[in-house]
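For reference, the chains in residue letters:
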Amino acid sequence: MQQEVTFAAIAGFEGLDETLVPGTNPKRTRSLDNVECRDGRVKGVLGTAKYRGITAASGTTPILGLMQYQWSDLTTSVLRVTPTAVHKLNTGTDVWDDVTGTALTGATTDLPTQSDMHKGVLVFTDDGQDRPRKYTNTGNTTVLSGTPPFCKALVSYLDYLILFNFSTDGTTFNPRQARYSNDYDNDWSLCEGNELTFNETAGEVNCAKRVGRVVVVGKSDNVNQLRWIGYPTRFFQEPLQFDQGILAPRSMATVANAGVIFLATDLQLYMCDGQVVKPLPPRVQRKLQSTMDIAQAKWAVGTGFPDSNLYHLLYPTSTSDTANRGRITFNFQTGEFYHRTYAGHQFTDIMEFRLSNITSNLLIASASDDRVYQLDAADDDDDGTPISRYYDTDWQYFDGSMTGARLIFRRRRDVRVKISVASDFSDRWIYPKWFDLRGDNATKEDTEVFYRLPEPLPGRAFNLRVNFYHNGTTNVGELHQIHMRGTPRLAGEANVMQAA
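Rules and cut-offs
- Residues numbered from 1 in each chain as written.
- Predicted model: local features only at pLDDT ≥ 70, side-chain atom pairs only at ≥ 80, totals over all residues.
- Heavy atoms only, no water.
- Helix = DSSP H or I, 4+ residues; strand = E, 2+ residues; numbered from the N terminus.
- Rg over C-alpha atoms; globule rule 2.2 N^0.38 Å.
- Buried < 20%, exposed > 50% of the residue type's maximum accessible area, 1.4 Å probe, protein only.
- Salt bridge = Lys/Arg side-chain N within 4 Å of Asp/Glu carboxyl O.
- Phe/Tyr/Trp six-rings, centres within 6.5 Å; stacked < 30°, edge-to-face > 60°.
- Lys NZ or Arg CZ within 6 Å of the ring centre and 35° of its normal.
- Pairing = 2+ DSSP bridges.
- Core = buried A, V, L, I, M, F, W, Y, C linked by side-chain atoms within 4.5 Å.
- Contact = heavy atoms within 4.5 Å.
- Axes fitted to C-alpha atoms, helices over the stretch in contact; angles between N-to-C directions.
- Disulfide = S-S within 2.5 Å.
- Polar contact = N/O pair within 3.5 Å; in protein donor to acceptor, adjacent residues only side chain to side chain.

Undergrad: Give me the overall build of the protein chain: which residues, what numbers.
TA: Per the secondary structure count, the protein chain includes one helix and 40 strands. Its C-alpha atoms give the protein chain a radius of gyration of 26 Å, near enough to 23 Å, the size a compact globule of 500 residues would have. Projected onto its principal axes, the C-alpha coordinates of the protein chain cover approximately 90 × 50 × 40 Å. A buried classification covers 54% of the 500 residues belonging to the protein chain.

Here it is as structure tokens:
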């Protein structure tokens, strides 16, 4: 009798890589969805739920953006913006209170709202439809005093509030210019020569984020660095060595102290530390470019998540999408990367925040059904829509017959897995078997699963699929290792290929 051997020992999972050549790196795969690869493990994703259980849809639609007001003690208020209104979440009553004041004059086609905290005040712009407004966490929003210009992007930098792509009348915009003030709520003419011109290239300014001591200024055809150098010149600016522009302004998000990440006009994601612009790994770009709808890509939105060193991008996947249903998550420290698809929801904006300095960071998104949802919530499905969670090992080469596999999981109640196999590049998954991960020994952290085939499966390439099923609201499936086993073909033995 031939002795079984382990022909593929897989651990230290690195996630999705659609550029992978089969058999070259067992830690990566070209096929997964709705699982996250982090810390070398594969975990089934958490679900989606209406934030704080609020079922009522916004009375004014659609929700164009999410904002947060953060006070000095780090308590946070959550706000949402529609074309005509601003609503603040009342955490006492779980109702969205109207704090608009004078109605906004936006349109449903406006890009998501851009906002920033400046000198303890939340300042925002609705794609240049209204003059910039402020919110002080009491009363209603009001237009900044001192007659600020209309603008399409803004940033708080040192003592200054800078308004980019501005207009004095709300009709004719100066796409390559910015105006700034260090007395933002009183006078916009105090600083002598208080205008900046970004005319090194023809494109318009559409976003800006502060990174350390500099500001990364995004244009439709370039990226600039803006930095304070002192009186009398005040600011110095120069274009960075980058021959693309920002395609989706709200995709630009700060990722801790590492810089910003954004979606560029060549449909790739880039990271900029304020000095140098570098593309994210090819495996990230390949997935994005193979699934993103180019015509609607400008609506993509992103955010950083400091608790886990993650950048999340929500993006449109089809011309039939009304908003964003695809999601890419990239760990900017480790390079781990994964993808998920929302079958039942589409989102217009995404934001991370925490309600206070003693609460965890949360990830929320505004949806096309005019509600706000918590992403990665303690739920087994996406607000009633089942989640298809799976991980494929991709093709592992072995000249012989596969007999089974030994898999190590984290012991979890209310979690099941289904394991099946395919051979020799067939798309048929056969010999499915179900396993419960509750384990037999309550003192052990891990549990072993022995997947045995009813008969040896001959071939030269084998692919194992693991489907995760969460039957509870908190426990998630967590895969640590896979050991695929088989019997090698003997010398002189005929090579029997598995029929497709």
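Undergrad: Could you give an account of unusual backbone geometry, with specific residues and numbers?
TA: Put simply, Thr 61 and Pro 62 share a cis peptide bond, and its omega is -10 degrees. With respect to the helices, strands and loops of the structure, Pro 62 is situated in the loop between strand S7 (47-50) and strand S8 (65-70). Cis peptide bonds are those with omega within 30 degrees of zero, and the linkage from Tyr 231 to Pro 232 qualifies with 0 degrees. Checked against the element boundaries, Pro 232 lands in the loop between strand S22 (223-230) and strand S23 (234-239). With a phi angle near 60 degrees, Asp 127 is a residue other than glycine that sits in the positive phi range. With respect to the helices, strands and loops of the structure, Asp 127 is situated in the loop between strand S13 (121-125) and strand S14 (133-135).

Undergrad: Summarise the pattern of salt bridges; cite the residues concerned and give the values.
TA: One pass over the full model with this rule turns up 28 salt bridges. Close ionic contact of Arg 410 with Asp 446 constitutes a salt bridge, the shortest N to O distance being 3.9 Å. Of this pair, Arg 410 sits in strand S36 (residues 396-410) while Asp 446 sits in strand S39 (residues 446-470), placing them 36 residues apart in sequence. For Arg 410, a relative accessible area of 16% puts it in the buried group. The network of salt bridges with shared partners includes Arg 41, Arg 410, Glu 445, Asp 446 and Glu 478.

Undergrad: How would you summarise the packing of aromatic side chains if you had to cite specific residues and measurements?
TA: Under the counting rule described, the total for this entry stands at 22 aromatic pairs. Taking 5.4 Å as the distance between ring centres and 90 degrees as the angle between the ring planes, the aromatic pair formed by Tyr 160 and Tyr 180 counts as edge-to-face. Remark: Tyr 180 occurs in strand S18 (residues 174-181) and Tyr 160 occurs in strand S17 (residues 160-167); sequence separation between them is 20 residues. An aromatic cluster is defined as three or more aromatic residues linked by ring pairs; in this entry it consists of Tyr 157, Tyr 160, Tyr 180, Trp 228, Tyr 231 and Phe 235. Over the ring of Phe 173 we find Lys 152; its NZ or CZ atom is 4.8 Å from the centre of that ring. A cation sits over an aromatic face here: Arg 465 above Tyr 390, 4.2 Å from the ring centre.

Undergrad: Describe the pairing of S36, and please don't skip the residues or the numbers.
TA: For S36, the buried fraction is high: 12 of the 15 residues fall into the buried class. By the bridge criterion, 12 bridges tie S36 to S39 in an arrangement that is antiparallel. Residue pairing for S39: Gln 396 is matched across the bridge by Phe 462. Across nine bridges, the pairing between S36 and strand S40 (residues 478-488) is antiparallel. Note on S40: the bridge partner recorded for Ala 405 is Met 484.

Undergrad: Before we move on, can you summarise the nonpolar core with the specific residues and values?
TA: Leu 407, Leu 464 and Met 484 are the most contacted members of the largest nonpolar core, which has 67 residues in total. In terms of residue count, the dominant contributor to this core is S39 (eight residues). The residues touching Leu 407, leaving out its near neighbours within four places in the chain, are Ile 419, Thr 447, Glu 448, Val 449, Tyr 451, Leu 464, Val 466, Leu 479, Gln 481 and Ile 482. If you look at the next biggest cluster of nonpolar residues, it comprises 17 residues, including Tyr 160, Cys 191, Val 205 and Val 217.

Undergrad: Any chance you could break down the sheet that holds S17 for me, citing the residues and the numbers?
TA: Across the sheet, which stays open at both edges, the four strands sit in the order S16-S17-S18-S19 with antiparallel pairing between neighbours. Looking at strand neighbours, the two that pair on one side only are strand S16 (150-157) and strand S19 (195-197), the edges of this open sheet. Strand-to-strand twist across the sheet, computed as the mean angle between neighbouring axes with direction ignored, equals 25 degrees. Pairing analysis gives three bridges linking S18 to S19, with the strands arranged antiparallel. If you follow Arg 179 over to S19, its bridge partner there is Glu 195.

Undergrad: Which residues make up the sheet that holds strand S11 (residues 95-98), and what are the values?
TA: Across the sheet, four strands lie side by side as S8-S9-S10-S11; this open sheet has antiparallel pairing. Among the strands making up the open sheet, the edge pair consists of S8 and S11. This sheet shows a mean twist of 35 degrees between the axes of neighbouring strands, independent of strand direction. Where strand S10 (residues 86-90) and S11 come together, four bridges link them in antiparallel fashion. Counted as the bridge partner of Lys 88 is Asp 97 from S11.

Undergrad: Can you lay out the environment of Phe 262 for me, pointing to particular residues and giving the numbers?
TA: Along the chain, Phe 262 falls in strand S25 (residues 259-263). Between the C-alpha atoms of Phe 262 and Thr 48, which are 214 residues apart in sequence, the distance is 25 Å. Among residues more than four places away in sequence, those in contact with Phe 262 are Val 223, Phe 242, Ile 246, Ser 251, Met 252, Gln 268, Leu 269, Tyr 270, Cys 272, Val 277 and Tyr 311.

Undergrad: How would you explain the state of the cysteines if you had to name every residue and give the values?
TA: For the coordinates displayed, the defined rule picks out zero disulfides. No disulfide involves Cys 207; its sulfur sits 11 Å from the nearest other cysteine sulfur, which is in Cys 272. We classify Cys 272 as buried; its relative accessible area is 0%.

Undergrad: How would you summarise the environment of Glu 195 if you had to cite specific residues and measurements?
TA: If you trace the backbone, Glu 195 turns up in strand S19. With 15 residues separating them in the primary sequence, Glu 195 and Tyr 180 have C-alpha atoms 6.4 Å apart. The contact partners of Glu 195, leaving out residues within four places of it in the chain, are Phe 166, Gln 177, Ala 178, Arg 179 and Tyr 180. For Glu 195, the side chain forms a polar contact with the side chain of Gln 177, separated by 3.3 Å. Of the polar contacts made by the side chain of Glu 195, one reaches the side chain of Arg 179; its length is 2.3 Å.

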